[in-house]
Structures are given as C-alpha cells and as structure tokens.
Amino acid sequence: MTRELARTALDAAEAAAAIHIRYADRLESIRQAEKGQSDFVSEADLAAQDAALGVIRERFPDHAILAEENEGKQVPLTEMPGGRAADGPLWIVDPLDGTTNFLHGHPIYAASVGVAIDGRSVAGAVVAPVLGERWWAERGEGAFLNGERIRVSAARELRTALIGTGFPFKNLPLLPLYQDQLGRVLKSTAGIRRLGSAALDLCYVAGGRLDAFWEMGLSPWDVAAGIIIVEEAGGMVTTLSGSPLGAADGGDVLAANSVELHRALGGVVEASGNMAVPD
C-alpha cells in the first residue's frame, strides 16, 4: 500500500511542478493576491493544486486532503454521514512552496505532497522543477533524490554545521524572539542559510546540504513530505522543544542529521525561550 502512496505522492508533485513551468514564462501577467503580510497566492498556486489533487482523486477518491489553498481546511473527497471525513490516509499538499520566490523568478520553489496515516508520515515527495530535483521517501524504504539514495551529513559539532532557517514573516510579533535565536545560532555555527521554501530546507537536511534546520510557525503542508524524507535519510524532525511532530501538526520545527546536533541546536534556540513575546 505504501509503495502506491509514494508513487502517487511523486506523480502528484510532478503534476504540480509541470504547472510551475507552464506559468514561469509569463510571471508579469500572473494574477496574484496577498493572503497576509508578505504571504501571496497566485493563479499558478491554484492551478498547481488542481493538478496535484486531480492525480490523488483519480487513484484514491475516498481519501481526505489537507491543502494550502483550501485555507487549511481538511477537504474530504468523499464524505461519510454527518460530513465526517472518510477514514484512511490524509494527503497534505503544498502546490507551490516558495510562491514569493516563484513570482520573482527565483529558482528555489517546489511542489510538496505528503501522506499520513494516523498522523504519521508514510510517504512524501518534493519536486523542484527549475532545479531539476525530485526528492521522495517511503516509510522503511529510504529517501531518494533523482533515483539515488541519500543520507544526512556526518557533521556532529555545531560549530562546523551549516544551518537552515526561515523568517517568521507571517507572525511578526515573533520577530524579536527569532532575532535572538538567529544571533545565538549565527555565533555558534559555521553559517546560516535561508532558502524561502521549508519543504526544500528539509530536503537539503536529508541530502546533507544543510546539517540542521529550524523555523517557527510552519503549516502542515510545509513539512509533511519533508518529515519523512529527513527521517528516511537518517535524520530527525521534532518541535523546537524536542516533542514529536506529526505530519498534520505544523508549528515550530527543528530538524537535524543526528541526535547530537539536534540536541546542540535545540539548546541554542531554546536559550531564547525566556524572552517575552508580545500578544
């Protein structure tokens, strides 16, 4: 069953990525709207979501979907009596992770499709069409980039580690806390990178391009596919405090290549936790 789910996740992400390419040559004419502070949705997002969901609907018409452009609502493709979603796997879809990058012609963006059973990721795929990279994983079967198996890096010391991050642009009251975290991590590591796509940040941890990653306030569709890709590559993904992170949870995320680096980065980030955050 999981093999078919993994194949569908990759095909759905590929379908969304094909839409990215179709729209990429006419960025100036794409209709877009601002959902919130620096948070955009374009007709490319919507068309890519339709393409991804079309693949899932065709193969699994009784599965539920949680997709970004449905305003975060779980959308059952068929409903049980009383409007309750049908039991079974939950598909978690970000049709275009990195919309702001996409709209500016920046190549770091991707389609992300994960699937969870009982809250746990069992398969996922992330496709970055301009980069020509296709990442996927299946529970118990490893993680892959363009068909080659991948593993996390061997870095264990924070001072030599390259760390990924994301800015809390959707929740600006968190900015003082984040700035303190950023300063502490910058002083403790080999460097920090910000891609603008959490799905790709997690893939980069899985493939060893980053040694760890942290970000606050992520949504389930940002991380659902990346969680299993990191885990199947030998890494770990939790909340900032180290609690388990379900595929449909979202929130504050800490990913690392090892227990040692996870503990070290978590300690630096959590040292900012006594700061007061405005309501």
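Residues numbered from 1 in each chain as written. Predicted model: local features only at pLDDT ≥ 70, side-chain atom pairs only at ≥ 80, totals over all residues. Heavy atoms only, no water.

*Asks:* Is there a simple way to explain the overall build of the chain in this structure?
*Replies:* Within the chain, the secondary structure is distributed over seven helices and 15 strands. Evaluated residue by residue, the chain yields a buried proportion of 54% over its 279 residues. When contacts within the chain are restricted to residue pairs at least 6 apart in sequence, long-range pairs at least 24 apart make up 66% of them. (Helix = DSSP H or I, 4+ residues; strand = E, 2+ residues; numbered from the N terminus. Buried < 20%, exposed > 50% of the residue type's maximum accessible area, 1.4 Å probe, protein only. Contact = heavy atoms within 4.5 Å.)

*Asks:* It is not clear to me how the pattern of salt bridges should be interpreted in this structure. Could you clarify?
*Replies:* Where charged atoms of side chains with opposite charge meet at close range, the side chains can pair. According to the stated counting rule, one finds eleven salt bridges in the structure shown. Across the salt bridge formed by E141 and R3, the nearest N and O atoms sit 3.8 Å from each other. With E141 in the loop between β8 (133-138) and β9 (142-145) and R3 in helix α1 (residues 2-24), this residue pair connects regions lying 138 residues apart in the sequence. A residue is classified by how much of its surface remains accessible, and E141, at 37% relative accessible area, is partly exposed. Between E232 and R139 there is a salt bridge, and its shortest N-O distance comes to 3.9 Å. With E232 in helix α6 (residues 220-232) and R139 in the loop between β8 and β9, this pair connects stretches of sequence that are 93 residues apart. According to the relative accessible area criterion, E232 is buried, its value standing at 12%. Residues participating in the shared-partner salt-bridge network are R3, E138 and E141. (Salt bridge = Lys/Arg side-chain N within 4 Å of Asp/Glu carboxyl O.)

*Asks:* What's the story with the packing of α1 against helix α2 (residues 43-59) in this structure? I'm lost.
*Replies:* Geometrically, a packed helix pair is captured by the angle between its two axes and the distance between the axes. Taken N-terminus to C-terminus, the directions of α1 and α2 make an angle of 155°; their axes are 8 Å apart at the nearest point. As far as their axial angle goes, α2 and α1 are roughly antiparallel. Relative to α2, the crossing made by α1 is right-handed. Two secondary-structure elements touch here, α1 through R7, T8, D11, A12, A15, A16, I19, H20 and Y23 and α2 through E43, A44, A47, A48, A51, A52, V55, I56 and R59. When the residues that make up the contact of α1 with α2 are grouped by side-chain class, the tally is twelve nonpolar, two polar and four charged. (Axes fitted to C-alpha atoms, helices over the stretch in contact; angles between N-to-C directions. Parallel < 35°, antiparallel > 145°, perpendicular 65-115°, else oblique. Left-handed = near helix turned anticlockwise from the far one by under 90°. Nonpolar A, V, L, I, M, F, W, Y, C, P; charged D, E, K, R; others polar.)

*Asks:* So what exactly am I meant to see when it comes to the packing of helix α5 (residues 198-207) against α6 here?
*Replies:* Where α5 contacts α6, the axes come no closer than 8 Å and their chain directions differ by 5°. Put simply, α5 runs roughly parallel to α6. Between α5 and α6, the contacting residues are A198, A199, L202, C203, V205 and A206 on the first element and D222, V223, G226, I227, I229 and V230 on the second. Grouping the constituent residues of the contact of α5 with α6 by class yields ten nonpolar, one polar and one charged.

*Asks:* How do you make sense of unusual backbone geometry when you look at a structure like this?
*Replies:* Excluding glycine, residues mostly carry a negative phi; peptide bonds, for their part, are mostly trans. One non-glycine residue, D118, adopts positive backbone phi at about 55°. You can see D118 is positioned in the loop between β6 (110-117) and β7 (120-128). For D118, a relative accessible area of 81% translates into the label exposed. Here N146, not a glycine, exhibits a phi torsion of approximately 50°, which is positive. Looking at the secondary structure, you find N146 in the loop between β9 and β10 (148-149).

*Asks:* Hey, could you run me through the packing of aromatic side chains in this one?
*Replies:* Each pair of aromatic rings is reported with the distance of its centres and the angle of its planes. Tallying each qualifying case throughout the model produces six aromatic pairs. Ring centres of W136 and F144 lie 5.9 Å apart, and the angle between their planes is 20°; on these two criteria the pair is classed as stacked. A relative accessible area of 23% means that W136 is categorised as partly exposed. Through pairs of rings, three or more aromatic residues link up here, namely F167, Y178 and W214. Above the plane of the ring of Y204 lies R209, whose end atom (NZ or CZ) is 4.8 Å from the centre. (Phe/Tyr/Trp six-rings, centres within 6.5 Å; stacked < 30°, edge-to-face > 60°. Lys NZ or Arg CZ within 6 Å of the ring centre and 35° of its normal.)

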